[in-house]
2 protein chains.
Amino acid sequence: MAVETANAVDKRRSLLHETRCQNCSLSSLCLPLALELEDMEQFDAIIRRRAPLKKGESLFRQGSAFNSVYAVRSGSLKQVTTEGSGDDQVTNFYLPSELVGLDGIDEQAYPGSVIALETTTVCEIPFDRLDSLSEALPELRGQLYRSMSKELRDDRRMMRLLSRKTADQRLASFFSSLSDRFRRRGYSPYSFRLSMSRADIGNYLGLAVETVSRILGRFQQQGLVEVSGREVNILNLEALLAQAQEEH
Amino acid sequence: MAVETANAVDKRRSLLHETRCQNCSLSSLCLPLALELEDMEQFDAIIRRRAPLKKGESLFRQGSAFNSVYAVRSGSLKQVTTEGSGDDQVTNFYLPSELVGLDGIDEQAYPGSVIALETTTVCEIPFDRLDSLSEALPELRGQLYRSMSKELRDDRRMMRLLSRKTADQRLASFFSSLSDRFRRRGYSPYSFRLSMSRADIGNYLGLAVETVSRILGRFQQQGLVEVSGREVNILNLEALLAQAQEEH
DNA sequence: ATGCCTCTATGATCACGATCAAGGAGGTGA
DNA sequence: TCACCTCCTTGATCGTGATCATAGAGGCAT
């Protein structure tokens with residue numbers, strides 16, 4: 001169709017507008033955070049917009065060729081690695097502004113599948129173009145190093161959680177961490193909706209579903225949180241934090 | 001002293017010779033692996049040689065300012081993070097050619113202390129100079145990305161180990177992995193010396209020392225390995241690998 | 001509405017590995 | 001050579017969280 005209505009053009013423009021980094025509400029958390037306006041435009045030019053993923057759809061599958069990293073715009077995802085038959089492991093949850101796929105660089109293949117937990121939009125960043133651009137933009141390069149370094153640090157924290165903490169401490173940690181991540185993104189740190197199932201949480205924390213359920217029940221009795229299905233209300237964040245950091 | 005003996009000059013030259021990347025036996029595994037000869041010379045120029053660390057000495061302390069990453073030349077180290085009082089966690093072991101300190105970039109401070117397990121030499125690589133150099137050398141940049149990415153992948157594997165594997169599988173995994181790392185470095189994959197104590201191993205794998213001891217005893221009875229103090233002889237690597245990867 | 005899932009909650013039992021306890025082995029300095 | 005100290009091994013008991021079993025709750029299509 002060669003003819004477009006003014007309306008259609010408007011729509012496209014507004015879509016374009018809201019998907020440009022300069023106007024993105026996440027720009028203070030995301031990869032280009034350190035860039036000047038003109039540099040950000042260069043960065044913006046290599047981004048590919050993707051159609052939203054529906055709940056359960058995968059951004060990519062384990063083992064598929066690595067070409068891009070992705071920044072989450074809205075929604076959330078989980079990373080799942082499968083080994084052998086039927087032994088899945090949830091290794092990460094991703095929230096808006098976080099970078100997905102960095103662990104695929106080394107082997108040029110993604111080490112796990114990444115699956116949307118709800119309707120989710122992402123920005124695709126082709127890695128070879130990102131790398132080229134990072135040559136000219138030291139701030140971008142630095143930010144990329146920092147992102148990977150931060151992920152390494154988070155991983156170490158997770159290892160400590162898995163090897164030294166009790167089930168109660170793990171869940172307290174998980175909720176504290178979620179709360180903090182929501183806070184940083186401008187959402188309420190006290191009241192939010194879990195996009196993942198109890199099974200996902202348990203799998204991620206190295207606990208059985210039943211244990212997750214039981215401990216949430218206990219937390220509720222203790223007045224730490226109020227949980228109804230996937231709606232969470234944190235009533236006593238301090239106590240939760242204390243519980244999380246408690247010496248064993 | 002302005003006068004040097006020929007002997008002293010020779011000594012220095014030979015020291016210089018054996019510590020240049022071009023002549024380093026690890027160059028095929030280490031950071032500059034992808035570099036042409038002339039590029040490698042540039043890289044070589046930013047490296048700082050350090051006096052060997054003795055057993056128990058620390059390369060840096062948790063919380064100290066991040067300035068450099070380090071490549072292990074010989075020996076081995078452990079990374080230890082302390083939280084609260086007396087709750088240490090061994091989060092990594094480093095062997096020759098591996099990069100230490102990458103998790104300090106983000107916060108400009110090292111998240112854990114790194115301690116020599118035996119007499120150990122490292123190459124210090126000031127990070128700001130590495131970053132500058134990586135601007136002009138895409139291969140170096142790529143290798144740096146790959147190193148970090150690989151560490152992310154290894155971390156995910158470790159999380160799976162900690163959250164899904166039994167004590168037996170963890171130890172089988174640990175020995176298989178060590179064996180593989182020695183093989184890649186040109187040492188025997190079957191016969192080696194552990195530079196870390198049982199306590200370190202247990203701490204790293206999320207197990208009590210007693211459990212490590214017991215399981216090593218059992219492995220020995222089963223004819224999988226022969227262990228005498230810190231000397232290890234792997235008798236049946238296939239069985240060990242099978243054990244490590246077994247479905248729970 | 002109805003039926004069919006999947007997800008969540010809760011109770012009962014069991015097992016793996018932690019903890020407590022004690023003794024042996026090996027290395028190091030006087 | 002001996003004493004001391006750290007590291008390692010082995011035994012006995014205990015506790016946390018997995019597993020098994022069942023039922024209730026909530027979502028979704030018909």
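Structure first, text after, so check above.
Just so you know, these numbers come straight off a predicted model, no measurement behind them.

The rules behind these values
- Residues numbered from 1 in each chain as written.
- Chains lettered and ligands numbered in written order.
- Predicted model: local features only at pLDDT ≥ 70, side-chain atom pairs only at ≥ 80, totals over all residues.
- Heavy atoms only, no water.
- Helix = DSSP H or I, 4+ residues; strand = E, 2+ residues; numbered from the N terminus.
- Buried < 20%, exposed > 50% of the residue type's maximum accessible area, 1.4 Å probe, protein only.
- Contact = heavy atoms within 4.5 Å.
- Areas by Shrake-Rupley, 256 points an atom, 1.4 Å probe, with all protein chains shown as cover.
- Near = heavy atom within 4 Å.
- Polar contact = N/O pair within 3.5 Å; in protein donor to acceptor, adjacent residues only side chain to side chain.
- Nonpolar A, V, L, I, M, F, W, Y, C, P; charged D, E, K, R; others polar.
- Axes fitted to C-alpha atoms, helices over the stretch in contact; angles between N-to-C directions.
- Parallel < 35°, antiparallel > 145°, perpendicular 65-115°, else oblique.
- Left-handed = near helix turned anticlockwise from the far one by under 90°.
- Phe/Tyr/Trp six-rings, centres within 6.5 Å; stacked < 30°, edge-to-face > 60°.
- Pairing = 2+ DSSP bridges.
- Buried area = accessible area lost by both parts, 1.4 Å probe.
- Salt bridge = Lys/Arg side-chain N within 4 Å of Asp/Glu carboxyl O.
- Least-squares fit on C-alpha atoms with pLDDT ≥ 70 in both.

I'm lost on the overall build of chain A in this one. Help?
The secondary structure content of chain A amounts to 8 helices and 11 strands. Viewed in the frame of its principal axes, chain A has a C-alpha envelope of about 60 × 40 × 35 Å. Looking at chain A as a whole, 53% of its 248 residues qualify as buried. Across chain A, contacts joining residues at least 24 apart in sequence account for 71% of those joining residues at least 6 apart. Surface summary for chain A: the accessible area is close to 11700 Å², and the carbon and sulfur share equals 48%.

Looking at this model, I keep getting lost on the protein's contact with DNA strand D. Mind explaining?
For DNA strand D, the set of nearby residues contains 15 residues, the closest of which are Ala167(A), Thr211(A), Arg198(B), Ser213(B) and Arg214(B). Between DNA strand D and Glu210(A) there is a distance of 3.1 Å, counted from a base nitrogen to a side-chain nitrogen or oxygen. For the surface near DNA strand D, the elements supplying multiple residues, two or more each, are helix H7 (209-221) of chain A together with helix H6 (198-205) and helix H7 (209-221) of chain B. Of the residues belonging to the surface near DNA strand D, the class tally is 4 nonpolar, 5 polar and 6 charged.

In this structure, what is going on with the packing of helix H5 (residues 167-184) of chain B against helix H8 (residues 237-245) of chain B? I would like to understand it.
Residues and elements named next belong to chain B. Where H5 contacts H8, the two axes come as close as 8 Å, and the packing angle between them is 130 degrees. Between H5 and H8, the angle is such that the two are oblique. As for how H5 packs across H8, the hand of that crossing is left-handed. Only Leu 237, Leu 240, Leu 241, Gln 243 and Ala 244 of H8 make contact with H5, whose side of the interface consists of Asp 168, Gln 169, Ala 172, Ser 173, Phe 175, Ser 176, Ser 179 and Arg 183.

Just checking my understanding: could you explain the packing of aromatic side chains for this structure?
Here a ring pair, both rings aromatic, is described through the centre-centre distance and the interplanar angle of the planes. Tallying each qualifying case throughout the model produces 23 aromatic pairs over all chains. A ring pair is formed by Phe60(A) and Tyr110(A), whose centres lie 3.6 Å apart and whose planes are at 10 degrees; its orientation type is stacked. Here the residue Phe60(A) occupies a position in strand S2 (residues 58-60), and Tyr110(A) occupies one in the loop between strand S6 (99-100) and strand S7 (113-116), the gap between them amounting to 50 residues. With a centroid separation of 5.5 Å and 75 degrees between ring planes, the pair formed by Tyr145(A) and Phe127(B) is classed as edge-to-face. With Tyr145(A) in helix H4 (residues 138-164) and Phe127(B) in helix H3 (residues 127-136), the pair connects residues from two separate chains. In this structure Tyr145(A) comes out as buried when scored by relative accessible area, which is 1%. The class for Phe127(B) is buried, based on a relative accessible area of 9%. Connected via pairs of aromatic rings, a cluster forms that spans Phe60(A), Phe66(A), Tyr70(A), Tyr110(A), Phe127(A), Tyr145(A), Phe60(B), Phe66(B), Tyr70(B), Tyr110(B), Phe127(B) and Tyr145(B).

What is the right way to read the protein's contact with DNA strand C from this model?
Around DNA strand C sit 15 residues, and of these Arg198(A), Ser213(A), Arg214(A), Ala167(B) and Thr211(B) come closest. For DNA strand C, the fraction of protein-proximal atoms (within 4 Å) that sit in sugar or phosphate groups is 55%. Backbone polar atom of Ala208(B) to a phosphate oxygen of DNA strand C: 3.3 Å apart, as the coordinates give it. Within the side chain of Thr211(B), an N or O atom sits 2.3 Å from a phosphate oxygen of DNA strand C. Of all the elements in the fold, those that place two or more residues in the surface near DNA strand C are helix H6 (198-205) and H7 of chain A together with H7 of chain B. The residue makeup of the surface near DNA strand C, split by class, is 4 nonpolar, 5 polar and 6 charged.

I would appreciate a short explanation of the sheet that holds strand S3 (residues 68-74) of chain B in the present structure.
Each strand in a sheet pairs with its neighbour through backbone hydrogen bonds, running either in the same direction (parallel) or in the opposite one (antiparallel). All names here are of chain B. In space, the 4 strands of this open sheet follow the order S1-S8-S3-S6, with antiparallel pairing throughout. At either margin of the open sheet sits one strand with a lone partner, and together these are strand S1 (48-49) and strand S6 (99-100). One ladder, built from 2 bridges, connects S3 with S6; its direction is antiparallel. By the bridge assignment, Tyr 70 is partnered in S6 with Val 100.

Honestly, the interface of chain B and chain A in this entry has me stumped. Any pointers?
The parts lose accessible area when they come together, and the size of an interface is often stated as this lost area. Counting residues at the interface gives 46 residues for chain B and 46 residues for chain A. In terms of surface lost to chain A, no three residues of chain B exceed Tyr145(B), Arg156(B) and Arg160(B), which account for 18% of the buried area on that side. At the boundary of chain B with chain A, the tally comes to 22 salt bridges. Between Arg164(B) and Asp87(A) there is a salt bridge, and its shortest N-O distance comes to 3.4 Å. Put simply, chain B and chain A have 34 residue pairs in polar contact (both at pLDDT 80 or more) between them. With 19 residues, helix H4 (residues 138-164) of chain B is the largest single contributor of residues to the side of chain B that touches chain A.

Where do I start with the sheet that holds S7(A) in this structure?
Residue and element names in this part refer to chain A. On the basis of which strands lie adjacent, the open sheet formed by 4 strands has the order S2-S7-S4-S5 and antiparallel pairing. Edge strands, defined here as strands with exactly one partner in the open sheet, are S2 and strand S5 (87-94). Neighbour-to-neighbour, the strand axes of this sheet turn through a mean angle of 30 degrees, independent of strand direction. Pairing geometry for S2 and S7, over 2 bridges, is antiparallel. Within the sheet, the bridge partner assigned to Phe 60 lies in S7 and is Val 114.

Whenever I open this one, the relation of the copies chain B and chain A confuses me. Can you help?
Note: a rotation about an axis with an accompanying shift along it relates these two copies of the chain. With an RMSD of 0.0 Å, the fit of chain B onto chain A corresponds to turning through 180 degrees and sliding 0.0 Å along the axis. Taken together, the rotation and translation describe the operation of a two-fold axis. No C-alpha of chain B approaches the rotation axis more nearly than that of Glu135(B), which lies at 2.5 Å. By residue overlap, the copies meet face to face through one surface: 100% of the interface positions of chain B are interface positions in chain A.

What is the right way to read the environment of Lys55(A) from this model?
All names here are of chain A. Inspection of the secondary structure assignment puts Lys 55 in the loop between strand S1 (48-49) and S2. Taking C-alpha positions, Lys 55 is 5.1 Å from Leu 117, a pair spaced 62 residues apart along the chain. Residues within four places of Lys 55 in sequence aside, it is in contact with Ala 116, Leu 117, Glu 118, Thr 119 and Arg 230.

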